[in-house]
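Descriptive structure summary
In case you want the letters, here they are:
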Amino acid sequence: MRFRTRARLALATLLTLAVAGAFTGQSASASGGSRDGKQLTVMTQNLYLGSPLTPALTATTPAQFVAAVATIYGTAVFTDFPKRAEAIADTVATEDPDIIGLQEVSKWIAQPLVPGANPPSYDFLAILQAALAKRGLDYKVAVVSQNADIGPAPLVAPPFGCGVPTSPTAPQCVVTLQDRDVILVNNDTSGLVVRGSATGDYVAQQQFTPPGSTPVSFARGWAYIDAALNGTSFRFATTHLEVEDFPAVQEAQAKEFLAGPVHTGGPVIAVGDFNSAADPATTTKPTTTYADLTKSWFKDAWDVNGGDPGVSCCQNGTLTNPTSELQTRIDLVLTHGSVKAQSAHLVGNTPFSSTPPLWPSDHAGLVATLTLPGR
């Protein structure tokens, strides 16, 4: 097992400095070579639920909707989150973030209703945690925002024994898609303490109505933790705003985010998939959300990179494109208060496999190293 405990590394550093101090007359704390205890590395990653939902959103008849569910579920199986989770866990092992904000932490719940059917279910959070633990990493779930809960819907998946139903009311299998945002905290970070947490849903929500059914909400929300690093308090929040196809809803959610969970007197770090292009020229559907966030309250950690476009979205829906299709920068690390960005870089923006899926997600992740204010 690979141990990467920062407490051990910090102890080794202090011992080295103490020995050096014995010969120079300096103490370890006075030497200026040790970590000052205010540096925090954070990561944001949209895991990708595994398939575009467009076929279901555009279906106009019950038969089209059933076919759409079959396509969506089949694509999610094909994009193989267990394989992608291994690549994401490798990135976490390399980057060693203290806190991770995750979006589209999906849960596919497939249920057989006839003998012999065996459609697989996928709990992305459990799968990723297992991949992290396999690498000797210890990330605890600090808070979970429960978002959309869509289904159960009839599932046709012949490879798993789920045939075409004999009637609309007698499916052989059904499937439910649940969406979550999650914050993970590194238990190996010395001095990092979680003091509280909260979640909530936005008032503004986009809905769609499956043919022959009742309206379904995407139920987007937010989650945050109140934490401290070596006594310096801060709030860390994650969210996933509505897509740019529904600009009014997205922009309203951004205003709620600013007025609610991140409106606090202390330092704030907010990460997530904000679905609003930082550079409006990179999209045909610009929204005001990025400007609303960064001109009124937040600083963008990516600013340390000057003119680097930092595009993070999006690969194609099947993750089979050999050449990157990232075009827009919508995955952000934002800061408020006396939090200073030291560095920021993309991860997961190169193929990790020679066979599909080629990419860890349809989004690149983002890692930033920040300095918290002094106490």
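Residues numbered from 1 in each chain as written. Predicted model: local features only at pLDDT ≥ 70, side-chain atom pairs only at ≥ 80, totals over all residues. Heavy atoms only, no water.

1. So, the packing of helix H4 (residues 81-95) against helix H5 (residues 124-134)
Contact geometry for H4 and H5: axes closest at 9 Å, N-to-C directions at 45 degrees. Classified by the interaxial angle, the pair formed by H4 and H5 is oblique. Regarding H4 and H5, the two cross each other, and that crossing is right-handed. Where H4 approaches H5, its residues Phe81, Pro82, Arg84, Ala85, Glu86, Ile88, Ala89 and Val92 are matched on the opposing element by Phe124, Ile127, Leu128, Ala131, Leu132 and Lys134. Among the residues making up the contact of H4 with H5, the classes are represented as 11 nonpolar, no polar and 3 charged. (Axes fitted to C-alpha atoms, helices over the stretch in contact; angles between N-to-C directions. Helix = DSSP H or I, 4+ residues; strand = E, 2+ residues; numbered from the N terminus. Parallel < 35°, antiparallel > 145°, perpendicular 65-115°, else oblique. Left-handed = near helix turned anticlockwise from the far one by under 90°. Contact = heavy atoms within 4.5 Å. Nonpolar A, V, L, I, M, F, W, Y, C, P; charged D, E, K, R; others polar.)

2. Things to note about the confidence of the model for the protein chain
Residues with a pLDDT of 70 or more make up 90% of the protein chain, whose mean pLDDT is 91. Taken together, the stretch residues 1-35 has pLDDT below 50 and engages in 31 contacts with residues farther than four places along the chain or on a different chain. (pLDDT = per-residue confidence, 0-100.)

3. Some details on the environment of lysine 140
Summarising the element assignment, lysine 140 is placed in strand S5 (residues 139-154). When its relative accessible area of 35% is taken as the criterion, lysine 140 is described as partly exposed. Between the alpha carbons of lysine 140 and isoleucine 109 there is a distance of 23 Å; along the sequence they are 31 residues apart. Setting aside residues no more than four positions away along its own chain, lysine 140 makes contact with Ile183, Leu184, Val185, Asn187 and Val194. (Buried < 20%, exposed > 50% of the residue type's maximum accessible area, 1.4 Å probe, protein only.)

4. Examining the state of the cysteines
Inspection of every chain in the model, using the stated rule, returns 2 disulfides. Here cysteine 162 engages in a disulfide with cysteine 173; their sulfurs sit 2.0 Å apart. Residues cysteine 162 and cysteine 173 are joined through a disulfide that is left-handed, its torsion about the S-S bond being -80 degrees. One end of the pair, cysteine 162, is in the loop between S5 and strand S6 (173-186); the other, cysteine 173, is in strand S6, with 11 residues separating them in the sequence. Note on cysteine 162: relative accessible area 0%, which makes it buried. Bridging cysteine 313 to cysteine 314, the disulfide has an S-S length of 1.4 Å. With the S-S dihedral at roughly -70 degrees, the linkage between cysteine 313 and cysteine 314 falls on the left-handed side. Using a relative accessible area of 11% as the deciding quantity, one classes cysteine 313 as buried. Overall, the relative accessible area of 24% leaves cysteine 314 in the partly exposed class. Here the cysteine-cysteine linkages of the protein chain are recorded as 1-2, 3-4, numbering only bonded cysteines and doing so in sequence order. (Disulfide = S-S within 2.5 Å.)

5. Regarding the environment of valine 175
Considering the arrangement of structural elements, one finds valine 175 in strand S6. For valine 175, a relative accessible area of 5% corresponds to the buried category. Sequence-wise, valine 175 and leucine 155 are 20 residues apart; in three dimensions their C-alpha atoms are separated by 6.0 Å.

6. Things to note about unusual backbone geometry
Cysteine 314 follows cysteine 313 through a cis peptide bond whose omega is -5 degrees. Looking at where cysteine 314 falls in the secondary structure, it is placed in the loop between strand S13 (299-300) and strand S14 (331-336). Note the cis peptide between proline 356 and proline 357, where omega equals -5 degrees. Tracing the backbone shows proline 357 in the loop between strand S15 (340-347) and strand S16 (365-371). For tyrosine 48, which is not glycine, the phi torsion reads 70 degrees and is therefore positive.

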